[in-house]
Amino acid sequence: MKMIHKELEAFQLERGWEISQESADKSTESLLLNHLLLTTEIAEIAEELRRMLNRAYDMKEEGVEEGKAFRLAKEEVAEDIGKEIADSIAYLCKFATFFQRDIEQDIKNKLNEIQSRTKPNLQRRMKEEVR
């Protein structure tokens, strides 16, 4: 993760795409713009998921077995959703760079925090209810 973060940081600096640190006003403007761009990329992931689910539904309606339809639809969107995930990660790395965060360590810390939680796990509960 550190290596890809450094590559993204260099790429963004080379093109002048980093979050401005010129002044408080410029940083504010740049942070808001980059947040807008990040949320756009996240929405594009949602669009690919919607496209996949609609395609799977259509194939099922055309007589394709449900599991096969799902797998085929997943394959159809895989490359495009990968691009949107990559775009999203690039914007997240910009924020990490601006705030001087070690993403890898932050992820490890977050996983440890989650591991030590005692609250009920909604995802686990949902899986159990589906069974």
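Caption draft 1: Region of the structure containing helix α2 (residues 24–61). Taking 1.5 Å per residue, 38 residues should reach 56 Å; α2 reaches 55 Å between its end C-alpha atoms and fits that length. For α2, the elements touching its buried residues are α3 (66–98). Downstream of α2 by a residue or two, G63 has a phi angle that is positive, lying close to 105°.

Caption draft 2: Main features of unusual backbone geometry. For Q100, which is not glycine, the phi dihedral falls at a positive 55°. The residue Q100 is located in the loop between α3 and α4 (103–115) in this model.

Caption draft 3: Summary view of the environment of E41. Within the secondary structure layout, E41 lies in helix α2. Placed 38 residues apart in sequence, E41 and M3 show a C-alpha to C-alpha distance of 22 Å. Setting aside residues no more than four positions away along its own chain, E41 makes contact with E84, D87, S88 and Y91.

Caption draft 4: Highlighting the packing of α2 against α3. One can describe the packing of α2 onto α3 by two numbers: an axis separation of 8 Å at closest approach and a directional angle of 175°. Here α2 lies roughly antiparallel to α3, going by the angle between them. Among the residues making up the contact of α2 with α3, the classes are represented as 21 nonpolar, four polar and 13 charged.

Caption draft 5: Seen up close, the packing of aromatic side chains. Under the defined criterion, the tally for this structure stands at two aromatic pairs. Judged by centre distance (5.7 Å) and plane angle (75°), the rings of F11 and W17 are edge-to-face.

Caption draft 6: Region of interest: α4. Given a rise of 1.5 Å per residue, 13 residues ought to cover 18 Å, and the 18 Å separating the end C-alpha atoms of α4 matches this to within 8%. For α4, the capping residue at the N-terminal end is D102, with a side-chain oxygen 3.2 Å from the backbone nitrogen of E104.

Caption draft 7: Quick peek at a nonpolar patch on the surface. On the surface, a nonpolar cluster with roughly 580 Å² of combined accessible area is contributed by M1, I4, I85, I89, I107, L111 and I114. Contributions of two or more residues to the nonpolar patch are made by α3 and α4. Residue contributions to the nonpolar patch peak at three residues, all from α4. Within the element layout of this structure, I89 appears in helix α3. Judged by its relative accessible area of 35%, I89 is partly exposed.

Cut-offs used in this document
Residues numbered from 1 in each chain as written. Predicted model: local features only at pLDDT ≥ 70, side-chain atom pairs only at ≥ 80, totals over all residues. Heavy atoms only, no water. Helix = DSSP H or I, 4+ residues; strand = E, 2+ residues; numbered from the N terminus. Expected span 1.5 Å × (residues − 1). Contact = heavy atoms within 4.5 Å. Axes fitted to C-alpha atoms, helices over the stretch in contact; angles between N-to-C directions. Parallel < 35°, antiparallel > 145°, perpendicular 65-115°, else oblique. Nonpolar A, V, L, I, M, F, W, Y, C, P; charged D, E, K, R; others polar. Phe/Tyr/Trp six-rings, centres within 6.5 Å; stacked < 30°, edge-to-face > 60°. Polar contact = N/O pair within 3.5 Å; in protein donor to acceptor, adjacent residues only side chain to side chain. Patch = residues over 30% accessible without salt bridge, like charges linked within 9 Å, V, L, I, M, F, W, Y side chains within 5 Å. Areas by Shrake-Rupley, 256 points an atom, 1.4 Å probe, with all protein chains shown as cover. Salt bridge = Lys/Arg side-chain N within 4 Å of Asp/Glu carboxyl O. Buried < 20%, exposed > 50% of the residue type's maximum accessible area, 1.4 Å probe, protein only.

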